[in-house]
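Coordinate analysis (summary)
Each chain, letter by letter, is given below.
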Amino acid sequence: MTLHLSDSDILAELEPTAEANLNDHLSKAKMWHPHDYVPWDEGRNFAAMGGDDWDPEQSRLSEVAKAAMITNLLTEDNLPSYHRELADTFGFDNAWGTWVGRWTAEENRHGIVLRDYLVVTRAVDPVALEEARMSHMTAGIAKPEKGSQFLKGVAYVTLQELATRISHRNTGALCNDPVADRMLARIAADENLHMIFYRKLCAAALDLTPDEAMRAITDVILRFQMPGLNQPNFRRNAVLLAKHGVYDLRQHLDVVLRPTLRIWRVFERTDFGPEGEIARDELHTYLLDLEVKAARFEEQRDRALARAAARV
């Protein structure tokens, strides 16, 4: 028989799971300090303090690396919006509230260290960066869809944290700077632990209410967008980053979706009712279509890169 549970019912049922996963996270999370990842000796005053303002020649990063770093930082900057949505979904009681606070504190370090690195090394225009931050944070994030916000929320953040981990690691390699690579690897390690917490919660929700959880997972995957969607130039930068392998359809399918669905045993489960079966079939069809799109994108990208190389 299919269970139809309210978010408050789900929170109550899964509170012991949240507490166990919180304790596991705290045992594995490593304390680190943003100031240890910034080359402070490269810093100097800008014009307002008697120095020189930013000039493009001061940056060591390629245009693609700049776009990736700005996109990653602006995404991290919108933490107040994410905190609000997570707090609305989880609340502040018991382990749920402790996790909301801990997750927010850990995520806040990412924006701190990324901005310090970019400003100190003069990697990007700090004025344009601040203007983009103001614009993005004012826009916030899109409001969630109807239905269980808990189920859709944990499904989304599981995928989003993993996607963000991949983007940070690939950006680090792209920067051709060991300092940036080390910093982004540290951030990515945080994102991975966050993903594991949410992934376990979603697995428990699948066991608790299979049909509703399956519907939520399918809806999230079919409409998935990275949280930086509202930031300035996001779509243009997303295409640029996909073209250069920072995050593309193939990675989304093979490194994010398929491994996560395999861990959740989505296509092996036998406890779905009619609603869950319908949602799973929709997801299967979508993945087949995404495979075709990923292959097509790879072919087009390879041809474009080959033409560019030939011109050079």
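Residues numbered from 1 in each chain as written. Predicted model: local features only at pLDDT ≥ 70, side-chain atom pairs only at ≥ 80, totals over all residues. Heavy atoms only, no water.

Here the UniProt feature "binding site: Fe cation 1" (unreviewed entry) sits at Glu-76, Glu-107, His-110 and Glu-191. In terms of the greatest pairwise C-alpha distance, the residues named above, spread along 116 residues, form a tight cluster of at most 11.2 Å across. Discounting chain neighbours no more than four positions away, the residues touching Glu-107 are Glu-76, Leu-79, Glu-161, Glu-191 and His-194. Position of His-110 relative to the elements: it lies in helix H4 (residues 94-120). Once you skip the residues sitting within four places of it in the chain, His-110 turns out to touch Trp-32, Glu-76, Ile-187, Asp-190, Glu-191 and His-194. (UniProt positions renumbered as here; feature names shortened; annotations may be inferred. Contact = heavy atoms within 4.5 Å. Helix = DSSP H or I, 4+ residues; strand = E, 2+ residues; numbered from the N terminus.)

A few words on helix H11 (residues 274-311). For an α-helix, 3.6 residues make a turn, and residues three or four places apart therefore share a direction. Its 38 residues place the ends of H11 56 Å apart at the C-alpha level, agreeing with the 56 Å of an ideal helix rising 1.5 Å per residue. Every buried residue belonging to H11 is among Gly-276, Ala-279, Arg-280, Leu-283, Leu-287, Leu-290, Ala-294 and Arg-301, and all of these are buried. Next to the buried residues of H11 lie helix H8 (210-222), helix H9 (234-243) and helix H10 (249-263). (Expected span 1.5 Å × (residues − 1). Buried < 20%, exposed > 50% of the residue type's maximum accessible area, 1.4 Å probe, protein only.)

The residue Ser-81 is located in helix H3 (residues 79-90) in this model. Judged by its relative accessible area of 4%, Ser-81 falls in the buried class. In contact with Ser-81, not counting residues within four places along its chain, are Gly-140 and Ile-141.

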